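Remarks on the overall topology
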Amino acid sequence: MKPLFITFEGIDGCGKSTQAKRLYNYLKNLNIQVILTFEPGGTDIGKFIRKILLDSKNTHIDKLTELFLYMADRSQHIKEIIEPSLRRGIWVISDRFYDATLAYQGFGRGIDIGLIQMLNKKICGGLEPDITFLLDCPVKVAIERRGEEDRLEKEDIDFHKRVREGYLSLAKREKRFVVLDATKKIEEIEKEIIKKIKGLINRKDLK
């Protein structure tokens, strides 16, 4: 069977990074070759881009500058990490991918969705996740979970509400999305994720 490309999405503080790590460890324990990566910053070049994007001092970044920085990070991420891994038969779990740009820069910032889709299509070249887990929770719940906030996390509550609504809108249109209640206990969410993965690949050795 071909390796799976799995992505995790959701507003900041939803718990997606925790669940991505748990799925990674679960698959590793089953001796499945898998890598865990993330956006922005999944490559050496991406680390510099991430620093620019998330530094809370950079409040003056133009929204189009922000968009193109995310796209640059994604282009490098795909060419250096994602595509080579999949070609080698290695599963890829990514904490955020192109849906995040549609949600944050499209619905959140108000940038033309058509422009974002065009750029994503050019950069991804047909690459898309096999399954996307969207961890959904009220914005106030997510805010309460956060520690020190980065530049995007410091945006006002209305921005994060638009991002959440954007994610839910995408999930209604794309069958690959699995929407999970992120207010549940960590262990409960993990069980739901594993159940979905088992059903997707139908492997008897996944217990």
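Residues numbered from 1 in each chain as written. Predicted model: local features only at pLDDT ≥ 70, side-chain atom pairs only at ≥ 80, totals over all residues. Heavy atoms only, no water.

Every α-helix carries 3.6 residues per turn, so stepping three or four residues along brings you back to the same face. Spanning 14 residues, helix 1 (residues 16-29) covers 20 Å between terminal C-alpha atoms, matching the ideal 20 Å at 1.5 Å per step. Of the positions making up helix 1, those classed as buried are Lys16, Gln19, Ala20, Leu23, Tyr26 and Leu27. Along helix 1, the residues classed as buried sweep out an arc of 125 degrees about the axis, all on the same side. Counted as exposed and oriented over 90 degrees from the buried face of helix 1: Lys21 and Asn29. (Helix = DSSP H or I, 4+ residues; strand = E, 2+ residues; numbered from the N terminus. Expected span 1.5 Å × (residues − 1). Buried < 20%, exposed > 50% of the residue type's maximum accessible area, 1.4 Å probe, protein only. Arc of directions from axis to C-beta.)

Turning next to the pairing of strand 3 (residues 91-95). Look at any regular strand and the pattern is simple: side chains alternate between the two faces of the sheet. The buried count for strand 3 comes to five of five residues, which makes it a mostly enclosed element. Burial of strand 3 is two-sided: the residues Trp91, Ile93 and Asp95 facing one way and the residues Val92 and Ser94 facing the other way are all buried. Judged from the four bridges that link them, strand 1 (residues 5-9) and strand 3 form a sheet pairing that is parallel. When the sheet's bridge partners are listed, Phe5 is paired in strand 3 with Val92. (Pairing = 2+ DSSP bridges.)

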